[in-house]
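# Topology and contacts: notes
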There are 2 protein chains.
Amino acid sequence: MRIGELARRTGVPVPTIKYYLREGLLPPGERTSPNQVRYAETHIRRLKLIRAMLEVGGLSIAAAREVLAEVDSPGRALHGMLGAAQSAVSRAAAERGTEEEWERAEREVSELVRRHGWAAKPGNPGWRALVQIVVTYRDLGRGELLDLLDRYAEAAGELALAELDMVARAPSADGKVEGVVLGTVLGDAAMAALRRIAQEDASLRAQIRPHSA
Amino acid sequence: MRIGELARRTGVPVPTIKYYLREGLLPPGERTSPNQVRYAETHIRRLKLIRAMLEVGGLSIAAAREVLAEVDSPGRALHGMLGAAQSAVSRAAAERGTEEEWERAEREVSELVRRHGWAAKPGNPGWRALVQIVVTYRDLGRGELLDLLDRYAEAAGELALAELDMVARAPSADGKVEGVVLGTVLGDAAMAALRRIAQEDASLRAQIRPHSA
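Below or above, wherever it landed, is the structure these notes cover. (Residues numbered from 1 in each chain as written. Chains lettered and ligands numbered in written order. Predicted model: local features only at pLDDT ≥ 70, side-chain atom pairs only at ≥ 80, totals over all residues. Heavy atoms only, no water.)

## Considering the overall build of chain A
The condition is simple: Counting from the N terminus, the helices are DSSP H or I runs at least four residues long and the strands are E runs at least two residues long. C-alpha atoms define the radius of gyration, and 2.2 Å times the number of residues to the power 0.38 defines the globule rule. We call two residues in contact whenever any of their non-hydrogen atoms come within 4.5 Å of each other.
Along its length, chain A carries nine helices and two strands. The N-to-C order of helical and strand elements in chain A reads α-α-β-β-α-α-α-α-α-α-α. The C-alpha radius of gyration computed for chain A amounts to 21 Å, which surpasses the reference 17 Å derived for 213 residues by more than 25%, pointing to a less compact arrangement than a globule. Dimensions of chain A along its principal axes, counting C-alpha atoms only, are 70 × 40 × 35 Å. Counted over contacts in chain A with a minimum sequence separation of 6, partners at least 24 positions apart contribute 57%.

Below you can see the structure in the form of structure tokens.
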């Protein structure tokens, strides 16, 4: 199909498609004559995946490119893909706090990981982020919020198993790859959205008024 | 204390403190002479909260200001505060998909909320985001991922109860308010971090290689 039809079928405007081509997010079409380029069904699918990452997942162009480069590496193991998708969606956390605070938090995160029987390593992008969060909670004198981390961890563990199982059941290799990207990027967004709804419900039921306490 | 001591005690550089003052994130100090301003202990606490929101929570200056304005409104009920904190940390989702797709997704989200016995309303910032996620999953032909939403919802519901309970147990009104902000902003970050770690573990155990499937 020509670029106009690609735009029509995906709802993505032609200038935006050209931008994705220039940025290397979308592979080029096949040039069939000096001024005609043909696009395939795979371009439709790829465009939808790009839009999902950018608009729903909130990734930057650079982060989306990083994930797609990983998706496009032939023979890549799913485990490596997951790591790439995770790194791309994780913001680098600023390091704050003293060396002692940092070391204490590192120890606590290690213990939490051990407690949940997880084989993950400190190089995981979530690991460093979690250490920073622990330092922050304590810096604000809200160490009691750390008790919640075990509840979060338990939920995260159960969800990860369900997510991986879902990915494993995808019929094709490409489907598995896409499942990892969607599970990581859209899974975070879905969890955050559901937390808002559940919190509103819990708050409506409690109706705690801080100034009448 | 003078601004230099405030900087030393919080680790936030003087120019950054001045920037937060100009942006209205930090309330002005007390002018004690034409060229001397004094800051109080409350400024230390507020600076730490600002850094937590910006650096760990990833909020923009505008979003942080919105949350703090809510925190500073006297007599504000916790429920309203939660709504403000939620709106500030939620990105506006682009609306994609046809009207029918959108309506179908709206119905499914309503049903999910009903299934979990939640009293939340469609105005909740998570609600619209979730509808968009459902549209996206289906647009990509990955409707089977929707089965995960009930698992996410169950986990989110349990966590919300634990979070609200933690907030309710804070000894002071200010502590409750801060707990809501931290629970919303840092809770999202903590959950995302733990999901990365749990996913790495699940993936290590599975070691599914897509191209050998």
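On we go from here.
## Some remarks on the relation of the copies chain A and chain B
Selection rule: Overlaid copies result from least-squares superposition on C-alpha atoms, with residues included only where pLDDT is at least 70 in both.
With an RMSD of 0.0 Å, chain A superimposes on chain B once it is rotated by 180 degrees and translated 0.0 Å along the axis. The superposition operator between the copies reduces to a two-fold rotation axis. Within chain A, A:Ala155 has its C-alpha nearest the rotation axis, a separation of 2.8 Å.

## Here's the deal with the packing of helix α6 (residues 99-115) of chain B against helix α7 (residues 125-139) of chain B
The relative placement of two packed helices is expressed as an angle between their axes plus a distance between the axes. Residue and element names in this part refer to chain B. Condition: Angles here are taken between N-to-C directions and fall from 0 to 180 degrees, while the axes themselves are lines fitted to C-alpha atoms, restricted in helices to the stretch in contact. In these notes the angle categories are as follows: under 35 degrees is roughly parallel, over 145 is roughly antiparallel, 65 to 115 is roughly perpendicular, and the rest is oblique. Less than a right angle of anticlockwise turn of the near helix away from the far helix marks a crossing as left-handed, whereas a clockwise turn marks it as right-handed. The residue classification treats Ala, Val, Leu, Ile, Met, Phe, Trp, Tyr, Cys and Pro as nonpolar and Asp, Glu, Lys and Arg as charged. All others, Gly included, are polar.
Running from N to C, α6 and α7 point in directions that differ by 120 degrees, and their axes come no closer than 9 Å. Viewed along their axes, α6 and α7 adopt a mutual orientation that is oblique. The hand of the α6/α7 crossing is right-handed. In this structure, α6 uses Glu101, Trp102, Arg104, Ala105, Glu106, Glu108, Val109, Ser110, Leu112 and Val113 to contact α7, whose residues at the interface are Trp127, Arg128, Leu130, Val131, Gln132, Val134, Val135 and Arg138. Here the contact of α6 with α7 is composed, by residue class, of ten nonpolar, two polar and six charged.

## Notes on the environment of A:Asp188
Short version of the rule: Burial status follows relative accessibility: with a 1.4 Å probe on protein chains alone, a residue under 20% of its type maximum counts as buried, one over 50% as exposed, and anything between as partly exposed. The definition of a polar contact used here is a pair of N or O atoms within 3.5 Å, where within protein one atom must be able to donate a hydrogen and the other to accept one, and adjacent residues in sequence count solely through side-chain atom pairs.
Residue position: A:Asp188 is located in helix α9 (residues 173-206). The exposure class assigned to A:Asp188 is buried, which follows from its relative accessible area of 19%. The sequence separation of A:Asp188 and A:Arg45 amounts to 143 residues, and the corresponding C-alpha distance is 22 Å. Only 2.9 Å separates the side chain of A:Asp188 from the side chain of B:Arg195, close enough to count as a polar contact. Polar contacts involving the side chain of A:Asp188 include one to the side chain of B:Arg196, which spans 2.5 Å.

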